[in-house]
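Residue strings, one per chain:
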Amino acid sequence: MNFVFVSPNFPIIYSKFVKSLNERGFHVLGIGDTAWNDLNDELKNNLSCYYEVWDMKNLDWKKEAISYYRNRFGDIDYLESNNEFWLMDDAELRLFGNIKNGLRPNEMDKIKYKSKMKQYFEDANVKTARYILVDNFDQCKKFIDEVHYPVFVKPDNGVGASHSYKISNDDELINFLNNKDGNIYIMEEYIDGYIISFDGIADDNSNVVLSFNETFPTPIAEVKNRNEDVYYYASTKMDEDFYQLGCRVVKSFNIKKRCFHIEFFVLNEDKDGLGNKGDIVGLEVNMRCPGGDTPELLSLAMNGSFYDAYADVIKDNHLNFALNNEQYIAISANRKHIFNYANSVEDIYKKYQNNIVSRGYYSKEISDCMGDEYFIAKFLNKEEAIEFANFVLNKN
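These notes cover the structure that comes with them.

Calculation criteria
- Residues numbered from 1 in each chain as written.
- Predicted model: local features only at pLDDT ≥ 70, side-chain atom pairs only at ≥ 80, totals over all residues.
- Heavy atoms only, no water.
- Patch = residues over 30% accessible without salt bridge, like charges linked within 9 Å, V, L, I, M, F, W, Y side chains within 5 Å.
- Areas by Shrake-Rupley, 256 points an atom, 1.4 Å probe, with all protein chains shown as cover.
- Salt bridge = Lys/Arg side-chain N within 4 Å of Asp/Glu carboxyl O.
- Buried < 20%, exposed > 50% of the residue type's maximum accessible area, 1.4 Å probe, protein only.
- Pairing = 2+ DSSP bridges.
- Helix = DSSP H or I, 4+ residues; strand = E, 2+ residues; numbered from the N terminus.
- Axes fitted to C-alpha atoms, helices over the stretch in contact; angles between N-to-C directions.
- Phe/Tyr/Trp six-rings, centres within 6.5 Å; stacked < 30°, edge-to-face > 60°.
- Lys NZ or Arg CZ within 6 Å of the ring centre and 35° of its normal.

### Describing a nonpolar patch on the surface
At step 1: A surface patch of nonpolar side chains, about 270 Å² in accessible area, is lined by Y131, L133 and I184.
At step 2: Overall, I184 belongs to the exposed group, its relative accessible area being 55%.

### As for the sheet that holds strand β2 (residues 27–32)
At step 1: Strand order in the open sheet formed by 4 strands is β3-β2-β1-β4, with parallel pairing between adjacent strands. Sheet topology places β3 (49–52) and β4 (78–80) at the edges, where each strand pairs with a single neighbour. Between one strand and the next, the sheet's axes are offset by a mean angle of 15°, whatever the strand orientation.
At step 2: Taken together, the 4 bridges between β2 and β3 define a ladder with parallel strand orientation.

### Considerations on the packing of aromatic side chains
At step 1: Scanning all chains against the criterion turns up 34 aromatic pairs.
At step 2: Between Y69 and F73, the ring centres sit 6.0 Å apart and the planes meet at 55°, which makes this aromatic pair tilted. Of this pair, Y69 and F73 both sit in helix α3 (residues 59–73), 4 residues apart, roughly one helical turn.
At step 3: Given the relative accessible area of 0%, Y69 is considered buried.
At step 4: Here the guanidinium or amino end of K166 rests over the ring plane of Y190, the centre of that ring lying 4.4 Å away.

### Focus on unusual backbone geometry
At step 1: Cis geometry marks the peptide bond from F10 to P11, where omega comes out at -10°.
At step 2: The residue P11 is located in the loop between β1 (2–6) and α1 (15–23) in this model.
At step 3: Here the bond from Y149 into P150 is cis, since omega is -5°, no more than 30 degrees from zero.
At step 4: Relative to the helices and strands, P150 resides in the loop between α7 (137–147) and β7 (151–155).
At step 5: Here N98, not a glycine, exhibits a phi torsion of approximately 55°, which is positive.
At step 6: Given the relative accessible area of 43%, N98 is considered partly exposed.
At step 7: At K257, a residue that is not glycine, the phi angle is positive and equals roughly 50°.
At step 8: Note that K257 resides in the loop between α10 (240–252) and β13 (258–267).

If you want it as structure tokens, here you go:
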């Protein structure tokens, strides 16, 4: 079988997806803008072929790569990037290359437009924040009179937390309207809550094969806009009610043979017209694995390989291995270089040498949201994991 992997070199850990697919007999065919000699050894050893394009934003050049691969290797069975930025192009390439597995362009609205996601959450019996698509001041004020300040605005079709704003008064609203770019923006009632996500892999019948619960005490938008630190943690264990809720959402969106990252708010306080403290509110879906190095965190939490699990589902529609009995709370505590921290790297390793699994740096493309430097560690319980994060992020 032929699997085209778009941008297999970013993030760098994606070479592990390529390795797992190759080990299961796929011809993994890469398309990327990095020169072959600059790819890591894992990619060089596991790609069957690599087609370099000068500009990954040029869809026509990527279509030329698809034509080349079809002529050389025959029909293409799968094409994925597992990257939010390329999802629309992925769909266009599947249509162009007559690739039957995966999303086509006419299916993309429900996963690209935040306003259109809401109906699918509601079909799964999950509440969502009230909203409007921004037009003018009077329309916005009428909505705000109903939900009250603050409100939150972001592009209806956007990636990550870029161009997202909390608006707390009329002056800020006027400033936003006068200076916003040409994007269509969605305005939602502001939710005081923390984010949890339902992550995993679904089979060809939209059944959840593997699932994780991630917790983000500080929403990524606030990490970016308020320049805060971030830590988050993952576990395969979760409340049964949340698991069933997540499975309903996967079914509602008709997720098939792909990774998913579905975000929810947990209300910190009662919210008139929405719910009570502790209620779960649908936020948005991402039809790919969680970003950055989070697949490493998921592998650690499951005490196995998330990459092998993905390749198993693509090939056989189920896992071909049993999960280990001992699993972990896997946590990532991320520092920003602009801050002075109380504990040195040596202090961190001295205290947590038996827990820390890796330390690394995020690329500049995602460092504004994820931080510059991360420490990933594993623990048997949540309390110890959070103590670790507080130690890493404690400032002078």
